[in-house]
Amino acid sequence: MARGHADLDIVFARGVELRRRLEAIKDMLPQANVQFNQDGVELAAMDTSHIAFAQLIMKAEGFEKYRCDRAMTLGVDTRSLCSALKAGLSGSPADTAVTLRHYVGDENTLEVDIGFDASEHGQAVYQLRLLDIDDEKLRIPDMENSATIRMPSVTYRNLIRDRLGSAEEVTVTARPKERVVVFAGTGDNFKGRVAYQQP
């Protein structure tokens, strides 16, 4: 069936990279407002408990193709999008492209188009229902932080999952003069401490 004009048409040259980024945040942010404009894509939100903040920025120049006719905010179920990407990319090479499209006159749908390997001569197309997410729930509360810590997400994941994975509670302490962050984990049968030296 022919569709109308797409006011959003963006292509990820390596769809697996989009899937990895979304996999990292889907459990913390199962639903999120994603902002699209001429500069690129941005997702910035707190989890519903207001404990963790996630920000994902993808600049327009990083895409194989990027066209956004107007600024728009789309409410996305990140788990459903991850499921579509997982199913469509299953068994495909790492350089399989993924296209996201939004059509004028179909405000409630995001189309996910996944091109298969050339030898398979095919594509998978998924249509995801967009959500009406109350921005008030996702607004970042005003807060003053005594320290700001920057580290690669892989390092953070490894510290928490691999070194303190048995902990039920993790306390993070910053020692700015030494440029050290200490992660202390405790649990019923576990107590551990890991220090990370910032470069």
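Anything mentioned here points back to the structure above.
Source: prediction; values computed, not measured. (Residues numbered from 1 in each chain as written. Predicted model: local features only at pLDDT ≥ 70, side-chain atom pairs only at ≥ 80, totals over all residues. Heavy atoms only, no water.)

Which residues make up the sheet that holds strand S12 (residues 190–197), and what values do they have?
The antiparallel open sheet is built from three strands, whose spatial order is S10-S11-S12. Of all the strands in the sheet, the pair left with one neighbour each is strand S10 (169–175) and S12. Along the sheet, successive strands turn relative to each other by an average axial angle of 15 degrees, direction set aside. (Pairing = 2+ DSSP bridges. Helix = DSSP H or I, 4+ residues; strand = E, 2+ residues; numbered from the N terminus. Axes fitted to C-alpha atoms, helices over the stretch in contact; angles between N-to-C directions.)

I'd like a rundown of the side chain of His102, residues and numbers included.
Along the chain, the position of His102 falls in strand S7 (residues 98–103). One polar contact links the side chain of His102 to the main-chain carbonyl oxygen of Glu107, over a distance of 3.5 Å. In contact with His102, other than residues within four places in its own chain, are His5, Ala6, Asp7, Leu8, Arg70, Met72, Leu74, Glu107, Thr109 and Leu130. (Polar contact = N/O pair within 3.5 Å; in protein donor to acceptor, adjacent residues only side chain to side chain. Contact = heavy atoms within 4.5 Å.)

Residues and numbers for the pairing of strand S3 (residues 40–46), please.
Of all seven residues making up S3, five are buried, and the element is well covered by its neighbours. Bridging between strand S2 (residues 31–37) and S3 involves three bridges; their strand directions are antiparallel. Its bridge partner being in S3, Asn37 is matched across the sheet by Gly40. Adjacent in sequence and paired antiparallel, S2 and S3 are bridged by two residues. Bridge analysis of S3 against strand S4 (residues 53–59) gives seven bridges, and the strand direction is antiparallel. From the neighbouring strand, Ala45 faces S4, where its bridge partner is Ala54. With antiparallel pairing between neighbouring strands as the criterion, S3 and S4 make up a hairpin whose turn holds six residues, including His50 at a positive phi of roughly 55 degrees. (Buried < 20%, exposed > 50% of the residue type's maximum accessible area, 1.4 Å probe, protein only.)

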